[in-house]
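Below, each chain spelled out in residue letters.
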Amino acid sequence: MVAFSRKFCTTRSPLFSHKQLFQLQEPQQNQPFIPFSQLQQRKLLESQLISVLHGCNSLKQIKQVHAHLFRKGLDQCCFVLTKLLRMLTKFDVPMDPYPRLVFDQVKRPNPFLWTAFIRGYSLQGPFTESVLLYNCMRREGAGPVSFTFTALLKACTAALDVNLGRQIHAQAISIGGFANDLYVGNTLIEMYLKCGVLDCGRRVFDEMPDKDVISWTSLIVAYAKSGDMEAAARLFDGLPEKDMVAWTAMVTGYAQNGRPREALEYFERMQDVGVETDEVTLVGAISACAQLGAAKYANWVRDVAEQSGFGPTKNVVVVSALIDMYSKCGSVEDAYRVFEAMSERNVFSFSSMILGFAMHGRADAAMRLFHEMLKTETKPNRVTFVGVLTACSHVGMVEQGRHLFATMEECYGVSPSVDHYACMVDLLGRAGCLEEALKLIKTMPMEPHGGVWGALLGACRIHGNPDIAEIAANHLFEIEPNAIGNYILLSNIYALAGRWDDVSRIRKLMREKGLRKNPGCSWVEAKKGVIHEFFAGDMTHPKSTEIKRALEDLLDRLKEHGYLPNLSSVAYDVSDEDKKRILMTHSEKLALAFGLLSTNVGSSIRIVKNLRICEDCHSVMCGASQITGREIIVRDNMRFHHFRDGVCSCGNFW
DNA sequence: CTAGGGTTAG
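Residues numbered from 1 in each chain as written. Chains lettered and ligands numbered in written order. Predicted model: local features only at pLDDT ≥ 70, side-chain atom pairs only at ≥ 80, totals over all residues. Heavy atoms only, no water.

S.K.: Please explain the overall build of chain A as it appears in this structure.
M.R.: Each helix and strand counted, chain A has 33 helices and 6 strands in total. In chain A, the 73 positive side-chain charges and the 71 negative ones have mean positions that sit 5 Å from each other. (Helix = DSSP H or I, 4+ residues; strand = E, 2+ residues; numbered from the N terminus. Lys, Arg positive; Asp, Glu negative; His and termini not counted. Charge placed at Lys NZ, Arg CZ, Asp CG, Glu CD.)

This is how it looks when you write it as structure tokens:
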């Protein structure tokens, strides 16, 4: 522990010997007398210099001011030098050597100058240097001031060193009650929260004599990050004056916790009460729309963005969020439009766009963009590779995927993570190389997670391999015992193989664990963007009779074109007639029939489904797109399917 | 001086 050691601090520059340091502590005896008029002139000059410094926008200009200080005899003026140091920090000038030199030339730094110097190291590191300097400052008898503690605490936050933070906290209490200062208190809260000690942050908050909206917001964010949105909402309700940042914290909190509806509720409410929105708020709302996948909300947020003056934004974060949103709302074209218009692209924008293409089965576009990216300064990261590998996977480009996976480390410096292994298992599995996929899992250098086994299980469903499926499922039942999807998938695979005893064994297992199947549910947008919801087997919609008739008509016409119900899509051991009846009422078929009824001829139909689309529905969608001439876009829980002229963008490969 | 931001696979 370096903090507050009794050892003499050695970080002060070699310009000073120990002896000199002690001499400096003695009060200066013979202060020269300065007449009042000169003093006034000097003050004027100082404030002029400060405004000059404020306007500097390069290191060179700051150096010029520094040289000027010497000429004017102000080279020891802490007031101006503090500003100078702060400007150097602002431009991220490395503390060594120049800012350090500036500081070392000052014989008697005042507490503010000390603090500015300490702050520099708190922002850049090495963080231990901040503490050493603090010791040094105390030894020289200067300060501290409240900023000193905020600077030190910032260093602790950056270093995630809560032990050091506690010591600073103790110092702040023991030296003149600095812990009661609002800024110090807020920084203390932030330090504890960032270090993951939520209860300590809460205690500081509860004990603070004066709190402001910043104190509340820090805590709200911490609860949100810990996943406790209820606690966050309780705090938010008690917050007397809610500003834009506090509202934004709630919007993004819900968005980050996978609760997009509530995120948008807060977004709407903040507009109702007349709080401004800025780009950060928008990013939260945009990300909520992406999760929801409904174009209606996306358009609404876009309108709000335009009204708030952030229409054609250049902010790279906003646009990257937009790319993701448009892709997930079904329009990869819109996503690409905003991507193309970007003046500045970073790894987020590229990766999001690549993932967007991958999600929509546009592997060629994804690969082209990837190669375009390689020509830029932007280096691909792990997410980028997840994107290209899934792109390969969804269209069965096995060799390309294998090659990328094999070379990603040596060529691009990204070492394969579990997620990349999951992509590879998916790629091999979908292509039918189940044995090879299993072998890959066994030779992985890390512990496979649910995604890896899940990919294998999914592939076993496509290729009907109950034996390997059992291996995968048994691992999954251990890793994620309550994930219902795994049980259903395995039981479907058994059903496909006609192993009905095993089916009932799994069903029994599910019952024993108290797991209940999620009902299939689909949404479709009718006229005016109204969203209608359909559950599997649900005939409660007011237009049920018409929907049923429309669906029967459609299926009859499809049968003339050779459609046969795919009875193996029903994983119950019931009669074929019952299977047909069950198939008829799958939620996506109801949504499709309603969509056909309630939208204009020629317009496209957008359906969102909570589960994976079944094979029978998939082929019905294909056929329907052909005989009705409509474009049908289905987003299931995995990916997008664009049905047009009888063909799906996934190439019947999902 | 102190609070809020985007991409990940089954």
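S.K.: Quick question: what am I supposed to make of the nonpolar core here?
M.R.: In summary, soluble globular proteins display a tendency toward joint burial of nonpolar side chains. With 171 residues, the main nonpolar core has Met 250, Met 325 and Leu 456 as its most contacted residues. Of all hydrophobic cores here, the second largest spans 32 residues; its members include Leu 583, Ala 591, Ile 632 and Phe 643. (Core = buried A, V, L, I, M, F, W, Y, C linked by side-chain atoms within 4.5 Å. Buried < 20%, exposed > 50% of the residue type's maximum accessible area, 1.4 Å probe, protein only.)

S.K.: What is the right way to read the pattern of salt bridges from this model?
M.R.: In this structure the tally under the stated criterion is 28 salt bridges. In this structure, Arg 337 engages Asp 334 in a salt bridge whose closest nitrogen and oxygen atoms are separated by 2.6 Å. Highlighted residues: Arg 337 and Asp 334, both in helix H19 (residues 332–341), separated by 3 residues, approximately one helical turn. Overall, Arg 337 belongs to the exposed group, its relative accessible area being 52%. For Asp 334, a relative accessible area of 25% corresponds to the partly exposed category. Where Arg 402 meets Glu 399, a salt bridge forms, and the shortest distance between an N and an O atom there is 3.3 Å. Taken together, the residues Arg 402 and Glu 399, both in helix H23 (residues 398–412) and 3 residues apart, mark about one turn of the helix. Through salt bridges that share partners, Asp 467, Glu 470, Arg 499, Asp 502 and Arg 505 make up one connected network. (Salt bridge = Lys/Arg side-chain N within 4 Å of Asp/Glu carboxyl O.)

S.K.: What is the right way to read helix H15 (residues 260–272) from this model?
M.R.: Every α-helix winds through 3.6 residues per turn, so residues three or four apart in the chain are directed the same way. Compared with an ideal rise of 1.5 Å per residue, which puts 13 residues at 18 Å, H15 spans 18 Å between its outermost C-alpha atoms and is within 8% of the ideal. Buried within H15 are the following residues: Pro 260, Ala 263, Leu 264, Tyr 266, Phe 267 and Met 270. Seen end-on, H15 carries its buried residues on one side only, within an arc spanning 155°. Turning to H15, the residues buried within the fold contact helix H13 (229–238), helix H14 (244–256), helix H16 (279–292) and helix H17 (295–307). Looking one or two places after H15, you find Gly 274, whose phi comes out positive at around 85°. (Expected span 1.5 Å × (residues − 1). Arc of directions from axis to C-beta. Contact = heavy atoms within 4.5 Å.)

S.K.: Would you explain the protein's contact with DNA strand B in this entry?
M.R.: Of all residues adjacent to DNA strand B, which total 51 residues, the nearest are Tyr 183, Asp 243, Ser 320, Asp 419 and Gly 450. A share of 40% is what sugar and phosphate atoms reach among the atoms of DNA strand B within 4 Å of the protein. At a separation of 3.4 Å, a base oxygen of DNA strand B approaches a polar side-chain atom of Ser 351. With respect to DNA strand B, the side chain of Ser 352 contributes an N or O atom lying 3.3 Å from a sugar or linking oxygen. Broken down by element, the residue count for the surface near DNA strand B peaks at 6 residues, all from helix H18 (residues 316–328). Classifying every residue of the surface near DNA strand B gives 18 nonpolar, 19 polar and 14 charged. (Near = heavy atom within 4 Å. Polar contact = N/O pair within 3.5 Å; in protein donor to acceptor, adjacent residues only side chain to side chain. Nonpolar A, V, L, I, M, F, W, Y, C, P; charged D, E, K, R; others polar.)

S.K.: For this particular structure, what's the right way to read the confidence of the model for chain A?
M.R.: Close reading of the predicted structure is inappropriate where its pLDDT is low. Looking at chain A, the pLDDT average stands at 87 and 94% of residues meet or exceed 70. Per-element confidence in chain A ranges from a low mean pLDDT of 32 for helix H1 (residues 18–25) to a high of 96 for H14. Low pLDDT, under 50, characterises residues 1–29; the stretch is placed with 55 contacts to residues that sit more than four places away or in other chains. (pLDDT = per-residue confidence, 0-100.)

S.K.: How should unusual backbone geometry be read in this particular structure?
M.R.: Apart from glycine, the bulk of residues carry a negative phi angle, and the bulk of peptide bonds sit in the trans form. Of note, the amide linkage connecting Asp 96 to Pro 97 takes the cis form, showing an omega dihedral of 0°. In this fold, Pro 97 is placed in the loop between helix H4 (78–90) and helix H5 (98–104). Even without being glycine, Asp 92 reaches a positive phi, approximately 60°. Here Asp 92 is to be found in the loop between H4 and H5. Note on Asp 92: relative accessible area 56%, which makes it exposed. Notably, Asp 645 is not glycine yet its phi reads approximately 50°, a positive angle. On the secondary structure map, Asp 645 appears in the loop between strand E5 (640–644) and strand E6 (647–648).

S.K.: Whenever I open this one, the packing of helix H10 (residues 182–194) against helix H12 (residues 213–225) confuses me. Can you help?
M.R.: Each pair of packed helices can be described by the angle between their axes along with the distance between the axes. Between H10 and H12, whose axes approach to 9 Å, the crossing angle comes to 5°. Taken together, the axes of H10 and H12 are roughly parallel relative to one another. Each of Leu 182, Asn 186, Ile 189, Glu 190 and Leu 193 in H10 lies in contact with H12, whose residues at this interface are Ile 214, Ser 215, Ser 218, Leu 219 and Ala 222. (Axes fitted to C-alpha atoms, helices over the stretch in contact; angles between N-to-C directions. Parallel < 35°, antiparallel > 145°, perpendicular 65-115°, else oblique.)

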